[in-house]
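Reading the structure
So the chains spell out like this:
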Amino acid sequence: MNPRPPPHIRRSARRPSADTAVMSPDLPLAPAGRSRTAWPWPLPALAAWLLAWTLFAAAAALAWPVLGFALALAASALAAARVQGRWRRLLVLAGFPASALALGATSALPAWAWLVALLPLLLAYPVRAWRDAPFFPTPAAALQGLRALTGEPARVLEAGCGLGHGLAALRQEFPRAELVGLEWSPLLALLARLRRRDATVRRGDIWAEPWGAYELVYLFQRPESMPRAWAKACAEMPGGWLASLEFVVPGVTPRAQLPGADGRPLWLYRVPGSLPGSMAAAACR
Ligand SMILES: C[S@@+](CC[C@H](N)C(=O)[O-])C[C@H]1O[C@@H](n2cnc3c(N)ncnc32)[C@H](O)[C@@H]1O
C-alpha cells in the first residue's frame with residue numbers, strides 16, 4: 001500500500017515554486033511557500049501609496065477621516081511586510097504618513113489619531129516580542145549545510161518565526177520535515193501563516209511551548225535568551241538539536257559552527273541524551 005504523504009507535501013506538490021529549485025534531485029518535490037509576485041521596484045511602493053491614499057480620501061469624503069487614516073496605515077503596514085529589504089520596507093510603510101503630514105492632509109485629524117499609528121506597531125511588536133528579540137529575518141542561505149550534520153529530523157520548531165524567513169531556510173534544508181513556527185506577535189504570526197503554507201504557524205510563547213515533540217529547535221533571538229533556551233532544550237529534548245543563528249550558548253561547546261550568512265554564523269548544539277537528573281544537569285552545563 002502507498003502511504004499518503006503528509007498534508008504539507010500534498011499541498012505543495014500542486015504548487016511548485018522557485019524554492020524547490022535548490023532541492024537535490026533524489027528527494028521528493030519539496031514543499032514551498034506561496035510564490036511571491038515580484039514587481040519591479042518602485043512599483044510596490046507606488047501601489048502601496050496609491051492604495052493608502054485612495055482609502056484615506058474615500059473615507060475622508062464620507063466624513064470618516066480617522067477611519068481612513070487607520071485603514072491607510074494598516075494597508076501600508078501589510079504592503080511593507082511583503083517587500084524585501086529593510087529600506088524598501090520602510091519607504092513603503094512611511095510613504096503615506098510622511099506625505100500626508102507634508103501635504104497638511106492630516107490637519108483635519110484630531111491629535112489622538114496619530115496614536116492610531118502606534119496600533120499596527122504594537123500589534124506587530126507586542127512588548128514581550130520586542131524584549132525577547134526585535135525583528136531581524138533569517139537570511140535565505142543561513143542554514144546551508146545543516147542537514148549534513150543533523151540528518152533530516154521528523155519535526156522541527158522555529159522558536160520566534162517572525163515573518164517565516166527562517167521557516168523558508170529550514171524548508172530548503174529539510175524538504176520532508178514537519179515544520180512548526182511559533183511567534184508571539186499576532187500580526188507576524190498571521191503573515192507568516194499566509195507566507196508559509198508548508199508549515200504550521202501558531203501564535204504563542206516559545207518559553208511556554210513544550211519542545212519535547214521536536215528533534216531540532218531553530219532560533220534567532222538575542223544573546224540574553226540563549227542560556228534560557230539551552231536550559232529548556234536540556235530539560236525537554238534530550239538527544240535533540242538546538243541551532244542558533246548568530247548567538248552562542250555561553251559556556252557550552254557547540255557541536256559545529258556553520259558559516260551562516262551575512263556575517264551571522266550558525267551554531268549547532270547537541271543536547272545530551274537521557275541521563276538521570278543530576279547527571280543530565282551536569283552534562284548540560
Ligand atoms: C530576530 S526575529 C527572527 C525572526 C525569524 N526567526 C527569522 O529568523 O526570520 C525574533 C522573533 O522572535 C519573536 N519572539 C520574541 N520573543 C518571543 C516569544 N517569547 N515567543 C514567541 N516569539 C517571540 C519576535 O516577535 C520576532 O519575530
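Our structure's up above, just so we're on the same page.
Now for a description of the structure that goes with this document. (Residues numbered from 1 in each chain as written. Predicted model: local features only at pLDDT ≥ 70, side-chain atom pairs only at ≥ 80, totals over all residues.)

**Regarding the environment of Pro97**
Threshold: Helix numbers and strand numbers start at the N terminus; a helix is a DSSP run of H or I with at least 4 residues, a strand a run of E with at least 2.
Looking at the secondary structure, you find Pro97 in helix H4 (residues 86–102). Between the alpha carbons of Pro97 and Ala52 there is a distance of 9.2 Å; along the sequence they are 45 residues apart.

**Here's the deal with the nonpolar core**
Most often, soluble globular proteins have nonpolar side chains that are buried together. Put simply, the rule is: We call a set of buried Ala, Val, Leu, Ile, Met, Phe, Trp, Tyr and Cys residues a nonpolar core when their C-beta atoms link them within 7 Å. Three exposure classes are used, based on other C-beta atoms lying within 10 Å of a residue's own C-beta, which is placed from the backbone: buried for 20 or more, exposed for 12 or fewer, and partly exposed in between. Throughout, a pair of residues is in contact if the C-beta atoms placed from their backbones lie within 7 Å.
Judged by nonpolar contacts, the single largest core of 48 residues is most densely connected at Val156, Val217, Ala233 and Leu242. Those residues in contact with Leu242 that lie beyond four places of it in its chain are Val217, Ala229, Trp230, Ala233, Tyr269 and Val271. Membership of the second largest hydrophobic core comes to 17 residues, among which are Ala45, Phe56, Ala77 and Phe96.

**Some thoughts on the sheet that holds strand E3 (residues 200–203)**
In sheet architecture, strand pairing relies on hydrogen bonds along the backbone and comes in two forms, parallel and antiparallel. Defined as follows: Paired strands, as defined in this entry, are two strands with at least two bridges between them according to DSSP. Note on geometry: axes are lines fitted to C-alpha atoms, helical ones only across the stretch in contact, with angles between N-to-C directions running from 0 to 180 degrees.
Ordered by their spatial adjacency, seven strands build an open sheet running E3-E2-E1-E4-E5-E7-E6, and the pairing between neighbours is mixed. Edge positions in the sheet fall to E3 and strand E6 (256–261), since each has one partner strand and no second. On average, adjacent strands in this sheet sit at an angle of 20° to one another, irrespective of strand direction. Taken together, the four bridges between E6 and strand E7 (residues 264–270) define a ladder with antiparallel strand orientation. Of the residues in E7, the one forming a bridge with Leu258 is Leu266. Against the sheet, helix H9 (residues 186–195) makes contact with strand E2 (178–183) and E3, and its axis sits at roughly 170° relative to E3, the strand it touches most. Set on the sheet, helix H10 (residues 226–236) makes contact with strand E4 (216–219), strand E5 (241–245) and E7; between it and E5 the angle comes to about 165°.

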